[in-house]
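Here are the chains, one letter per residue:
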Amino acid sequence: MEKHNSLYRTYRPSNFKDVAGHKNIVEILTSELKNNSFGHAYLFAGQRGTGKTSIARILAKAINCQNLQDGNPCDECDNCVSFNQNQFPDIYEIDAASNNGVDEIRNITNAVQTLPIAGKYKVYIIDEVHMLSKAAFNALLKTLEEPPAHVVFILATTEYDKIPQTIISRCQTFSFKKISNDALKERINFIAKEEGYTITEEAANEIYSLSEGSLRDALNVLEQLMIISNDTKNIDINKVKEIFYVATKDEKVNIIKNVINGEYTTIIDYFEKNKQQGMNFDVLTLALIKIIKELIEFKLTGDSKLLEDINEDDAQEFKNVPIEKLFTIADNLTDAYIKTKNNTASFDYILLSILKSIDNKDKKISIDTKPNVNEIEKPVVKFEQIPAIDNELIIATKAVQEPAMAIEEEPIELNQDDSFEEIEKNTEKTIASESPEDESLTFDSLSFTAETKAVIDANKIANNKNELIETQSEKAKKVANKTHIKYLISDLINVLMGVIEDKRPELRHELTDKIDSIFEVDDSDEFINKDKANSLASFFNTKVTAANNNEIIIITDTNSQADLINHELLNDSFRKELNNLLGQEYVVYAISANYWKESKITFSELKKQNLLPIYSREDVKNFYLNNKNVINGKNSEEDKELLKNASKLFDLDDINFGE
């Protein structure tokens, strides 16, 4: 019986032209080969199945090719033919997962001293290099730094953060992102055609979603589909649904419609039914986020070329849905995906997040669903009655009040050497639902009785902490009826990148001490400096959790206190008072402790995938001017700025934060 080879082995690329995606990496490597200027050590880092080992093998073959063709191996010379037959003696592939000891590495360091047998260079490909022991890394270090002229090392890893900096600094590093939708579908269609199969566009999109940008995983999925489609030689969405229990395009579009229309019963019935059938809800969540991304892009640009998973007719059905509603749904889905990926609680949390996205107000936006089952009997407002919002900034309406929250752990320490490790450790800690140290001193927990206070004057001078909380609670209630400024998690991550760049971990402690100093009391528990305590009262019981030379993040117990601070910062005199206290002008982000926790989780996930952004300094004047325009209902930015904001939410390859 003839041995069967998997598709990913049969169609493994043999030259750079056949590589799916990674055009920038291919261009750099081929250019180096053409100019005979390739390095002595490379480090390929990225998620599984993205082509790291395949490109390493092609590079190794090209280095020893006797007749390079524009940077590509010729596949005709003796060396190439020998390599393709797995018989070339000067290329060594080592699995560090099973050969991770110091003895194995010492064998390599001894072997590199001998000359190659058939080619010009000895090439060592060490896969899963992060699995090497500390002693093994140390043994490799000297050879990697000053290898013989006839030796090239190619290291590959899926966990870049576990590679010592001393190794990284001695290598040319290439980051392998997950393969793009277009590149992966092109390769899938080519292989399906070569095998005598046809595949529909919708089925190809679902294969991409299931594989999460890994070509190897995609080909494994395709191979299973080919087996059950052997009689018809046609692969469609029904075949994909039959094996992998994925949702069809119409089902996903209808889920979004049902959320907007408030169809609780329909949504719950759909989820419960498909849970019994074993649907992968992680895949469903990513697919819903991608559709919402396309809806937002289409609403902002009107460009149907941006639509991949849905068509223009589908998009037109959402033309009168406020863009902020779509952002809210996307936020909730993203939050659910990050917190539950590959977790047994994914079904429950994702369903709750979708239900949370439903507007609890009586007025609903109506979209016709197919079919429209079990309508909830509530007054429905037709689309024609609601004006379209085309140039909407990312502004959320008034948030539901959260219970008072206290931070158990110390905020993130961003020291130069161990910042990432500290972030991951702190991220694993939880923010407990309990009162602050002084329960009476939180905005939302304070209750007022007729006997205690008939009417509270929000403008009165507070002499002590209790009076200050009373006046600030009243101010917070007034602000709660105004537009809420919502900062994206990407804004907060940018601040953290600035903290790492500035290398001043002590700064946040210094700023917190300055703020705390104005609320010091005397022996009679009255403020020592009443003027300052009252002028900056909204900062009472807050903490600076991250600070760089230009931006700071303030965490509060509740959303309402964060709202109050953000609104008061729009007042020039208030901001001047704060600047005098802190010693300079800052961009200040006030957020709740819960939102800070979510931001840390996202930061950690991005760091694990080597996707952290480069720090971008925020202009202080423009920051507060834009917030003023938002509060005043002005569109201070054009469509291109809206697209920029949209890309901040969706630029990470359809929100795939996990591994």
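Just above, that's the structure.
What comes next concerns the included structure. (Residues numbered from 1 in each chain as written. Predicted model: local features only at pLDDT ≥ 70, side-chain atom pairs only at ≥ 80, totals over all residues. Heavy atoms only, no water.)

## Describing the overall build of the protein chain
Broken down by element type, the protein chain carries 27 helices and twelve strands. Burial status across the protein chain gives 54% buried among its 659 residues. Sequence-distant contacts, at least 24 apart, represent 77% of the contacts inside the protein chain between residues at least 6 apart. With the model as given, the accessible surface of the protein chain reaches about 30600 Å², and the carbon-plus-sulfur share is 45%. (Helix = DSSP H or I, 4+ residues; strand = E, 2+ residues; numbered from the N terminus. Buried < 20%, exposed > 50% of the residue type's maximum accessible area, 1.4 Å probe, protein only. Contact = heavy atoms within 4.5 Å. Areas by Shrake-Rupley, 256 points an atom, 1.4 Å probe, with all protein chains shown as cover.)

## A word on the sheet that holds strand β12 (residues 587-592)
Strands belonging to one sheet form pairs held by backbone hydrogen bonds; the direction of such a pair is parallel or antiparallel. A sheet is described by the order of its strands in space; here three strands give the open sequence β10-β11-β12, paired in mixed fashion. In this open sheet, the two edge strands, each paired with only one partner strand, are β10 (543-547) and β12. Taking each pair of neighbouring strands and ignoring which way they run, the sheet shows an average axis angle of 30 degrees. Of the pairings in the sheet, the one linking strand β11 (residues 551-556) to β12 comprises six bridges and is parallel in character. Looking at β12, one finds that Ile 555 is bridged to Ile 591. (Pairing = 2+ DSSP bridges. Axes fitted to C-alpha atoms, helices over the stretch in contact; angles between N-to-C directions.)

## Let's talk about the pairing of β11
Working note: regular strand, side chains alternate between the two faces of the sheet. Extensive coverage of β11 is indicated by the burial of six of its six residues. In β11, alternate side chains face the same way, and those of Glu 551, Ile 553 and Ile 555 on one face and Ile 552, Ile 554 and Thr 556 on the other are all buried. Examined bridge by bridge, β10 and β11 share four bridges and lie antiparallel to one another. Bridge pairing in β11 places Ala 546 opposite Ile 553. Between β10 and the antiparallel strand that follows it, β11, lie three residues.

## A closer look at helix α2 (residues 23-34)
Its twelve residues give α2 an end-to-end C-alpha distance of 16 Å, which sits within 8% of 16 Å, the value for a rise of 1.5 Å per residue. Considered for burial, the residues of α2 that qualify are Ile 25, Val 26, Leu 29, Thr 30, Glu 32 and Leu 33. Down the axis of α2, the sector holding all buried residues measures 160 degrees, keeping them to one side. In α2, the exposed positions that point more than 90 degrees away from the buried face belong to Lys 23 and Glu 27. Asn 36 occupies a position one or two residues after α2 and carries a positive phi of about 55 degrees. (Expected span 1.5 Å × (residues − 1). Arc of directions from axis to C-beta.)

## Let's talk about the sheet that holds strand β1 (residues 41-46)
Read across the sheet, five strands follow the order β2-β3-β4-β1-β5 without closing on themselves; strand pairing throughout is parallel. With one partner strand each, in any of the chains shown, β2 (91-95) and β5 (172-176) form the two edges of the open sheet. Along the sheet, successive strands turn relative to each other by an average axial angle of 15 degrees, direction set aside. The pairing of β2 with strand β3 (residues 122-127) spans five bridges and is parallel. Paired with Glu 93 across the strands is Ile 125, a residue of β3. The sheet strands contacting helix α5 (residues 102-111) are β2, β3 and β4 (151-157), and the helix crosses β3 at an angle near 165 degrees.

## Points about helix α6 (residues 134-145)
Since one α-helical turn is 3.6 residues long, residues separated by three or four positions face the same way. A rise of 1.5 Å per residue sets the reference length of α6, with its twelve residues, at 16 Å; its end C-alpha atoms lie 17 Å apart and thus fit the reference within 8%. In this structure, the buried residues of α6 make contact with β1, α5, β4 and α7 (165-168).

## Thoughts on the environment of Glu 585
Its place among the elements puts Glu 585 in the loop between α24 (572-582) and β12. In this structure the C-alpha to C-alpha distance between Glu 585 and Val 620, which are 35 residues apart in sequence, comes to 7.6 Å. Residues within four places of Glu 585 in sequence aside, it is in contact with Arg 575, Asn 579 and Val 620.

## So, the nonpolar core
Among the nonpolar cores identified, the biggest contains 54 residues, and Phe 519, Phe 539 and Ile 552 are the most heavily contacted of them. Broken down by element, this core gets its largest block of residues, eight residues, from helix α20 (residues 489-502). Those residues in contact with Ile 552 that sit more than four places away from it in its chain are Leu 511, Val 544, Ala 546, Ala 547, Leu 582, Tyr 586, Val 587, Val 588 and Tyr 589. Residues Leu 284, Leu 288, Ile 310 and Ala 315 belong to the second largest nonpolar core, which totals 39 residues. (Core = buried A, V, L, I, M, F, W, Y, C linked by side-chain atoms within 4.5 Å.)

## Considerations on the environment of Asn 205
For Asn 205, the position within the fold is in helix α9 (residues 201-211). Under the relative-accessibility criterion, Asn 205 is labelled buried at 8%. Along the primary structure Asn 205 and Asp 309 are separated by 104 residues, whereas in three dimensions their C-alpha atoms are 7.1 Å apart. Setting aside chain neighbours within four positions, we find Asn 205 in contact with Asn 181, Lys 185, Glu 308 and Asp 309.

## Thoughts on the packing of aromatic side chains
Considering all chains together, one arrives at 15 aromatic pairs under this definition. Pairing Phe 44 with Phe 176 gives two aromatic rings, centres 5.2 Å apart and planes at 50 degrees, and the pair type is tilted. Within this pair, whereas Phe 44 is found in strand β1, its partner Phe 176 is found in strand β5, the two being separated by 132 residues in sequence. Look at Phe 176 and you get buried, because its relative accessible area is 3%. Where Tyr 124 meets Phe 153, the ring centres are 5.5 Å apart and the plane angle is 25 degrees; that geometry is what we call stacked. Of this pair, Tyr 124 sits in strand β3 while Phe 153 sits in strand β4, placing them 29 residues apart in sequence. (Phe/Tyr/Trp six-rings, centres within 6.5 Å; stacked < 30°, edge-to-face > 60°.)

## Looking at the environment of Asn 466
As for its placement among the helices and strands, Asn 466 is situated in helix α19 (residues 465-479). On the basis of relative accessibility, which here comes to 44%, the residue Asn 466 falls in the partly exposed class. C-alpha separation for the pair Asn 466 and Glu 526, spaced 60 residues apart in sequence, amounts to 9.8 Å.

## Concerning the pattern of salt bridges
All told, the structure shown has 20 salt bridges when counted by the stated rule. Between Asp 70 and Lys 34 there is a salt bridge, and its shortest N-O distance comes to 3.2 Å. Of the two residues, Asp 70 is situated in the loop between α3 (52-63) and α4 (78-84) and Lys 34 in helix α2; the sequence distance between them amounts to 36 residues. With a relative accessible area of 49%, Lys 34 lands in the partly exposed category. Glu 206 is paired through a salt bridge with Lys 252; the nearest N and O atoms lie 2.3 Å apart. (Salt bridge = Lys/Arg side-chain N within 4 Å of Asp/Glu carboxyl O.)

## Here's the deal with unusual backbone geometry
Outside of glycine, negative phi angles account for most residues, and trans bonds account for most peptide bonds. Here the phi dihedral of His 22 falls at roughly 55 degrees; this positive angle occurs in a residue that is not glycine. With respect to the helices and strands, His 22 occurs in the loop between α1 (7-10) and α2. When its relative accessible area of 11% is taken as the criterion, His 22 is described as buried. The residue Lys 503 is not glycine, and still its phi comes out positive at about 60 degrees. Position of Lys 503 relative to the elements: it lies in the loop between α20 and α21 (507-517). Using a relative accessible area of 47% as the deciding quantity, one classes Lys 503 as partly exposed.

Just geometry here; none of it tells us what the structure is for.
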